[in-house]
Amino acid sequence: MKSFLNEDFLLDTKTAQRLYHEYAAALPIIDYHCHLPPDQIAGDINFENITQIWLNGDHYKWRAMRANGVNEALITGDASDWEKFEQWAATVPYTLRNPLYHWTHLELQRYFGINNLLSPATARKIYDECNEKLQSPEYSVRSLVKSHNVEVVCTTDDPLDNLNHHRKINEDGYSVKVLPAFRPDKAMEAGDVHMLYAYISKLETQSGNAISDFNDYLAALKKRHDFFAENGCSLSDHGLEHLYAEKYSEDEVKQIFTKIRKEQTLTVHEIAQFKSAMLYSFSVWDHEKNWVQQYHLGALRNNNTRALSEAGPDTGYDSMGDFSQGRALSKFLNRLEADGKLTKTILYNLNPADNELIATMAGNFNDSITPGKMQFGSAWWFLDQKDGMIKQMNALSNMGLLSRMVGMLTDSRSFMSFPRHEYFRRILCNLFGNDIENGELPNDIKWTGKIVSDICYYNAKNYFDFDKAK
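Model, not experiment: these values are computed from the prediction. (Residues numbered from 1 in each chain as written. Predicted model: local features only at pLDDT ≥ 70, side-chain atom pairs only at ≥ 80, totals over all residues. Heavy atoms only, no water.)

Engineer: A description of the packing of helix α1 (residues 14-24) against helix α19 (residues 445-464) should follow, citing residues and the corresponding values.
Structural biologist: Geometrically, a packed helix pair is captured by the angle between its two axes and the distance between the axes. One way to put it is that α1 packs onto α19 with a least axis distance of 9 Å and a crossing angle of 55°. It follows from the interaxial angle that α1 and α19 lie oblique. Read as a crossing pair, α1 and α19 show a hand that is right-handed. Facing T15, R18, L19, Y23 and A24 of α1, the residues of α19 in contact are I445, K446, T448, G449, K450, V452, S453 and C456. By residue class, the composition of the contact of α1 with α19 is six nonpolar, four polar and three charged. (Axes fitted to C-alpha atoms, helices over the stretch in contact; angles between N-to-C directions. Helix = DSSP H or I, 4+ residues; strand = E, 2+ residues; numbered from the N terminus. Parallel < 35°, antiparallel > 145°, perpendicular 65-115°, else oblique. Left-handed = near helix turned anticlockwise from the far one by under 90°. Contact = heavy atoms within 4.5 Å. Nonpolar A, V, L, I, M, F, W, Y, C, P; charged D, E, K, R; others polar.)

Engineer: Which residues make up helix α5 (residues 81-91), and what values go with them?
Structural biologist: Within an α-helix, residues lying three or four positions from one another point in the same direction, as the helix has 3.6 residues per turn. Those residues of α5 that sit buried are K84, F85, W88, A89 and T91. All buried residues of α5 project into a common sector of 160° when viewed along the axis, lining one side. Contacts from the buried residues of α5 go to α3 (50-54), α4 (59-67), α6 (99-112) and α7 (123-134). (Buried < 20%, exposed > 50% of the residue type's maximum accessible area, 1.4 Å probe, protein only. Arc of directions from axis to C-beta.)

Engineer: Residues and numbers for helix α12 (residues 250-261), please.
Structural biologist: In this model, α12 (12 residues) spans 17 Å end to end at C-alpha, consistent with the 16 Å of a helix rising 1.5 Å per residue. Listed as buried for α12 are V253, I256, F257, I260 and R261. Angular distribution of buried residues about the axis of α12 spans 140°; they occupy a single face of the element. In α12, the exposed positions that point more than 90 degrees away from the buried face belong to D251 and Q255. Just beyond α12, the residue with positive phi is E263, at close to 55°. (Expected span 1.5 Å × (residues − 1).)

Engineer: Describe the nonpolar core, with residues and values.
Structural biologist: Core analysis: the biggest nonpolar cluster contains 153 residues, and Y32, I50, F112, Y217, F274 and F464 have the highest contact counts within it. Of the residues forming this core, the biggest block, 10 residues, is contributed by helix α13 (residues 268-288). Excluding its chain neighbours within four sequence positions, the residues that come into contact with Y32 are C154, L235, Q294, I346, Y348, S378, V406, G407, M408, L409, F464 and F466. (Core = buried A, V, L, I, M, F, W, Y, C linked by side-chain atoms within 4.5 Å.)

Engineer: Give a description of the packing of aromatic side chains that names residues and reports values.
Structural biologist: Within the structure shown, the criterion is met by 26 aromatic pairs. Ring geometry for F9 versus Y423: centroids 6.2 Å apart, planes at 40°, classification tilted. You can see F9 sitting in the segment before α1 and its partner Y423 sitting in helix α18 (residues 419-437), a full 414 residues away along the chain. On the basis of relative accessible area, Y423 is assigned to the buried category, the value being 1%. Aromatic pair F464 and F466: ring centres 5.1 Å apart, planes at 5°, arrangement stacked. On the basis of relative accessible area, F464 is assigned to the buried category, the value being 4%. Here the aromatic residues F4, F9, Y60, Y101, W103 and Y423 are joined through ring pairs into a cluster of three or more. The side chain of R142 reaches across the aromatic face of Y174, ending 5.2 Å from its centre. (Phe/Tyr/Trp six-rings, centres within 6.5 Å; stacked < 30°, edge-to-face > 60°. Lys NZ or Arg CZ within 6 Å of the ring centre and 35° of its normal.)

Engineer: Residue-level account of the pairing of strand β2 (residues 150-154), with values.
Structural biologist: Counted residue by residue, β2 has four buried out of five residues, so it is predominantly covered. For β2 and strand β3 (residues 177-179), the ladder comprises three bridges, and the chain directions are parallel. Opposite V152, over in β3, you have K177 as the bridge partner. (Pairing = 2+ DSSP bridges.)

Engineer: Requested: an account of the environment of A311, with residues and values cited.
Structural biologist: Structurally, A311 is set in helix α14 (residues 305-311). Given a relative accessible area of 32%, A311 falls into the partly exposed group. Along the sequence, A311 and E132 sit 179 residues apart, while their C-alpha atoms lie 30 Å from each other.

Engineer: Help me get a handle on the pattern of salt bridges, residues and values and all.
Structural biologist: Counted by the stated rule, this structure contains 27 salt bridges. Salt-bridge contacts for E129 lead to K125; the nearest nitrogen and oxygen are separated by 3.6 Å. Within this pair, E129 and its partner K125 are both found in helix α7, separated by four residues, close to a single helical turn. Under the relative-accessibility criterion, E129 is labelled partly exposed at 25%. (Salt bridge = Lys/Arg side-chain N within 4 Å of Asp/Glu carboxyl O.)

Engineer: An account of the pairing of strand β5 (residues 292-297) is needed here, citing residue identities and associated values.
Structural biologist: Burial within β5 is extensive, with six of its six residues counted as buried. A two-sided burial pattern is seen for β5, the buried positions comprising V292, Q294 and H296 on one face and Q293, Y295 and L297 on the other. Strand direction decides the pairing type here: β5 and strand β8 (residues 344-349), joined by six bridges, are parallel. When the sheet's bridge partners are listed, H296 is paired in β8 with Y348.

Engineer: I'd like to hear about the sheet that holds β5, residue by residue, with values.
Structural biologist: The four strands are arranged β4-β5-β8-β9 in an open sheet whose pairing can be described as parallel. Taken across any chain shown, the strands that pair with only one partner, and hence form the sheet edges, are β4 (235-240) and β9 (374-376). Across the sheet, the axes of successive neighbouring strands diverge by a mean angle of 15°, strand direction being ignored. For β8 and β9, the ladder comprises three bridges, and the chain directions are parallel. Paired with I346 across the two strands is Q375, which belongs to β9.

Engineer: Break down the sheet that holds β3 for me, citing the residues and quoting the values.
Structural biologist: The parallel open sheet is built from three strands, whose spatial order is β1-β2-β3. Sheet topology places β1 (29-31) and β3 at the edges, where each strand pairs with a single neighbour. The average angle at which neighbouring strand axes cross in this sheet is 5°, direction not considered. Alignment of β1 against β2, held across three bridges, turns out to be parallel. Note on β2: the bridge partner recorded for D31 is V153.

Here you go:
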């Protein structure tokens, strides 16, 4: 019987172990999509305790605690940090077979050298030991990132962000590149006219120019796009239920924008037309700058309206949606391709039922020039666990080229999430190792090892070309 979380964790065969330890483990990390707060990196803060760095903002853990019957006051409420940690420690033993059990103990091992299982019996000792270490310079956020051999971090930033924190990080000469990613979701959210009106007004104030019509709005957003590029950005990112590819005319979109500026209610069709026009414009700008565009598709957000009113968005009340993805995605990508405006693109799905759809759709638009131009992105959100990763890699293997995949990302708000890259790499090596030992692949460790190394690091390094970033 193997011991839990030993050096060969998730590696079933000798070949898998060799692939991981010789070709994957030591490679740097390129984390091209996350939600780490740039201000905390700029300030190089030390967290006061493990609750603040580990539980605050982690809706994965919050969902598990709610499922275990923990009172909300002890999750997101006014309880003390110790009381919240105590309740998480009481929940962890009940997370067996949930990826949180693996991640929790992997992070305790990798960051703090703690091999004891977290439980009510060990909670106080682990809490005190972690808190003591967190006060040392070795546990500042910049040190934590560097300790995991991270080369690049791309945060997720609204077009209105002044990027002052990114500039400070760069000016400080921090060895890890911390780059912004352009996330304009709020700029196209015509489903909430009052929110969008306020957003446009903020953009108007920031730009110092009146925004009286749709062309003014695009011009102001284009300046923000240019500003992001000047500050090292080379990615856009979009969180959508599905792509929008409604037919629209210039006059129709101008009329819709006029209604928005008057805070008038839009029809469902008008909302879709406006979003379609905005997405197309963003994609054209991305193509002009040779950026990578990312589309995260399929989340059904804010399902619990009572909880939304009390705790706000992004607090653990989102789920997979069952949206129709194929037709609109095809129309959207095909228009860009026909216009010669399709840049490098990564597609992520949240519903695993769409795995093969996304994998085959991506394959429709490769250009025979850029290896892996169209990417079926790594298993995302609810799917970034063992079963979800294996299904995504199997679908990509069967429908495309796993060998050209740009690897894993954390999609996390936590500075302790980088072991998710290790988790991914172990699962990847196990797939290849098992196939070799089963006689399904040739026993060519050198070539297979190169493929593994490419997926874990080199494909992303070449695809994004962050070396050119300021």
